Amino acid sequence: MAEGVSEVLIPVVLMANGLAAGVLMGTQLGGWPLLESLPQGRYVQAHAFLSTRYDPFMPICFAVTAVGDGVLAGLADDAGTATLFGTAALLTLSTVVVSLAKNVPVNKWLRTLDPDHLPVDFAERDPRRHWGSWNWTRTALAALALLANCVAVGLTL
């Protein structure tokens, strides 16, 4: 592996991946149980508030992780390490796809609602069950990417 590049890139990728996975895990363990327990109006208000706090932080973390892992996969000296960095890149990109396709649209919709005047059919449209499942999926993908990165780094030491 190209020593100068990897010495800088590996810590950056681990930091970005760890921060992204950590934020998602924190949401899963703390924020989500709170959101799930709130009455509808308070849920909409809290979700809308929380969903704006992570832009552009999370997209930057995911981009740095995916691009960095791609570069590290290309620079790897052996197939095993290259595969692990490549897998981490794909897992990170999968996290982004789930976020953009499933979670972000809900976040945007909830920000358009007035928590004091919810649509009459909100109970049927309440996105919590689906949002929570997809949030768990992207949390698992980001954590698996971090695991792949840690194993890859262990193999390079």
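The paragraphs below set out a description of the structure included in this document. Since the model is a prediction, treat every value here as computed from it, not as a measurement. (Residues numbered from 1 in each chain as written. Predicted model: local features only at pLDDT ≥ 70, side-chain atom pairs only at ≥ 80, totals over all residues. Heavy atoms only, no water.)

### Observations concerning the environment of Leu-110
(1) Moving on: Tracing the backbone through its elements, the reader meets Leu-110 in helix α4 (residues 79–112).
(2) Moving on: In this structure, the C-alpha to C-alpha distance between Leu-110 and Thr-27, residues 83 residues apart in sequence, is 17 Å.
(3) Moving on: Dropping the residues within four chain positions of it, Leu-110 is found in contact with Tyr-43, Val-44, His-47, Ala-48, Phe-122 and Pro-127. (Helix = DSSP H or I, 4+ residues; strand = E, 2+ residues; numbered from the N terminus. Contact = heavy atoms within 4.5 Å.)

### Concerning the packing of helix α1 (residues 3–37) against helix α3 (residues 57–75)
(1) Moving on: One can describe the packing of α1 onto α3 by two numbers: an axis separation of 8 Å at closest approach and a directional angle of 140°. Here α1 is positioned oblique relative to α3, judged by the angle of their axes. Between α1 and α3 the crossing geometry is left-handed. Here α1 contributes Val-5, Ser-6, Leu-9, Ile-10, Val-12, Val-13, Ala-16, Asn-17, Leu-19, Ala-20, Val-23 and Leu-24 to the contact with α3, which in turn contributes Phe-57, Met-58, Cys-61, Phe-62, Val-64, Thr-65, Gly-68, Asp-69, Val-71, Leu-72 and Leu-75.
(2) Moving on: When the residues that make up the contact of α1 with α3 are grouped by side-chain class, the tally is 18 nonpolar, four polar and one charged. (Axes fitted to C-alpha atoms, helices over the stretch in contact; angles between N-to-C directions. Parallel < 35°, antiparallel > 145°, perpendicular 65-115°, else oblique. Left-handed = near helix turned anticlockwise from the far one by under 90°. Nonpolar A, V, L, I, M, F, W, Y, C, P; charged D, E, K, R; others polar.)

### Focus on the packing of helix α2 (residues 40–51) against α4
(1) Moving on: At their nearest, the axes of α2 and α4 sit 9 Å apart, and the two run at 120° to each other. Considering their axes alone, α2 and α4 lie oblique with respect to each other. When you trace α2 past α4, the crossing you get is left-handed. Listed contacts from α4 to Tyr-43, Val-44, His-47, Ala-48 and Ser-51 of α2 are Asn-107, Leu-110 and Arg-111.
(2) Moving on: Looking at side-chain class alone, the contact of α2 with α4 contains four nonpolar, three polar and one charged residues.

The quantities given are spatial measurements derived from coordinates; they are silent on function.
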